[in-house]
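Chain by chain, the residues run as shown.
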Amino acid sequence: MKALVLAGGSGTRLRPITYTRAKQLVPVANKPILFYGLETIAAAGISDVGIVIGDTGAEIREAVGDGSRFGIDVTYLPQDRPRGLAHAVLISEQYMAGEPFLMYLGDNLITESIGPMVEAFEGSGAQAHVLLAHVPNPTHFGVAVCEDGRVVRLIEKPADPPCDTALVGVYLFDSTVFEAVKAIEPSPRGELEITDAIQWLVDNGHEVKPFEVQGWWKDTGRLEDLLEANRIMLERMEPLNEGHMGPAVRIEGKVRIEAGAIVEGSTLRGPIVIGPGARITDSYIGPYTALGEGVQVRGSEIEHSIMLQHSRLEDVGGRVTDSLLGVGAVVRSTRSTPAASRFMLGDNSEVQVAR
């Protein structure tokens, strides 16, 4: 079995961050989202992985390389522009060479093993398996209606959902899916929809079976989902201290400090991760915060946030929370005000906050 990972798309819901980087490479707990998926695929025993790439393909190639660091062999499949998930399947036909395959959306995070789903598919004789999760807001997802252990109907973002079982973004197909994607027409938005292809399989007498996710899953396409994913992954990490602790440092809870980081006169309340070469001075770093490589925080407070590489907080009054700061972003102030601030800043941007 092979795997197909989708790492194209423009990531419009995470702009301005995704104007300058692939959404799949935005870090969660200081690791790119895409890397979690590749590790999950490798852990399921799949070693041949095709990655569909688009405008950010060069960045994906540089980050992933040949896949050897993950124990996989990667082949890149360029897509000229976003044409839908089913189109991504279509351009992989030659690579798959008739083999069954796992399809995985590169901006998804799943904490449980997909090995049981792969095993169930291999022994089922079905043409497709779809991973499903119960969600409180099914209008935001494609949903699958199931009867007697089979998927009988799929609806993309229904206004009046008949169920709460959403498509998670992990699928297993045999080669019949290529017949399906060639038979469907583009949707009103001009894309080949994977829900239409799966519905074609159902309508033409092929077996599509559900597999329900038991653990935690998140589509990280929005800021609030990205921050929640960061929180979950920080809770799962192991503590570590390879940095340099100066005077008057207080550490509470699970804290991971990478090599070369310097902390002085500050309180660290985990779970948090501080990347290599970061410098924290006279500050408070609160729970569920990930500070990337070379980040600097001075005289400031931050929690439940993500700071990408070489971003800086300098003498910011009030507590920064629920924020995502891009690479090289700078937030500084010269006067204190007792108010929380919320930011989503693109790379190399700067905000000056009045004190």
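This is a predicted model, so every value here is computed, not measured.

## Looking at the pairing of strand E6 (residues 101-105)
Counting buried residues in E6 gives five out of five residues, a clear majority hidden from the surface. The alternating pattern of E6 places Phe101, Met103 and Leu105 and Leu102 and Tyr104 on opposite faces, both of which are buried. Sheet analysis places strand E1 (residues 2-7) next to E6, joined by five bridges and oriented parallel. Bridge pairing links Leu4 to Met103 in E6. Pairing of E6 with strand E11 (residues 165-173), which is carried by four bridges, proceeds in the antiparallel orientation. What sits directly across from Met103, in E11, is Tyr171.

## Digging into the pattern of salt bridges
Tallying each qualifying case throughout the model produces 18 salt bridges. Among the salt bridges present, the one from Arg189 reaches Glu193, with a minimum N-O distance of 2.6 Å. The residue Arg231 makes a salt bridge to Glu235 at a minimum N-O spacing of 3.6 Å. Remark: Glu235 and Arg231 occur in helix H8 (residues 223-236); sequence separation between them is four residues, near one turn of the helix.

## Here's the deal with the packing of helix H1 (residues 33-43) against helix H2 (residues 57-64)
Between H1 and H2, the least distance of the axes is 11 Å, while the angle of their chain directions is 55 degrees. One way to sum up the angle between H1 and H2 is to call them oblique. Between H1 and H2 the crossing geometry is right-handed. Of H2, the residues touching H1 (which contributes Leu34, Phe35 and Leu38) are Ile60, Ala63 and Val64.

## Notes on unusual backbone geometry
What you tend to see is this: most non-glycine residues have negative phi, and most peptide bonds are trans. Residues Gly270 and Pro271 are joined by a peptide bond in cis, for which omega reads 10 degrees. Considering the arrangement of structural elements, one finds Pro271 in the loop between strand E19 (267-269) and strand E20 (272-274). Of note, Asp148 is a non-glycine position whose phi angle comes to about 55 degrees, a positive value. Here Asp148 is to be found in the loop between strand E9 (142-147) and strand E10 (150-156).

## Some thoughts on the pairing of E10
Summarising the sheet, E9 and E10 pair through six bridges and their orientation is antiparallel. Among the inter-strand pairings, Val143 is bridged to a residue of E10, identified as Ile155. The turn linking E9 back onto E10 is made up of two residues, and Asp148 within it adopts a positive phi angle of 55 degrees.

## Observations regarding helix H6 (residues 176-183)
Residues Thr176, Val177, Phe178, Ala180 and Val181 constitute the buried set of H6. Residues of H6 that are buried in the fold lie against helix H3 (85-90), helix H4 (93-96), E6, E11 and helix H7 (194-203).

## Let's talk about the sheet that holds strand E16 (residues 250-252)
With parallel pairing, the five strands of this open sheet are ordered in space as E16-E19-E22-E25-E28. Two strands bound the open sheet, and with one partner strand each, they are E16 and strand E28 (319-321). Relative to strand E25 (residues 301-303), strand E22 (residues 284-285) runs parallel, the two being bridged by two bridges. Looking across to E25, one finds that Tyr284 is bridged to Glu301.

Parameters at a glance
Residues numbered from 1 in each chain as written. Predicted model: local features only at pLDDT ≥ 70, side-chain atom pairs only at ≥ 80, totals over all residues. Heavy atoms only, no water. Buried < 20%, exposed > 50% of the residue type's maximum accessible area, 1.4 Å probe, protein only. Helix = DSSP H or I, 4+ residues; strand = E, 2+ residues; numbered from the N terminus. Pairing = 2+ DSSP bridges. Salt bridge = Lys/Arg side-chain N within 4 Å of Asp/Glu carboxyl O. Axes fitted to C-alpha atoms, helices over the stretch in contact; angles between N-to-C directions. Parallel < 35°, antiparallel > 145°, perpendicular 65-115°, else oblique. Left-handed = near helix turned anticlockwise from the far one by under 90°. Contact = heavy atoms within 4.5 Å.

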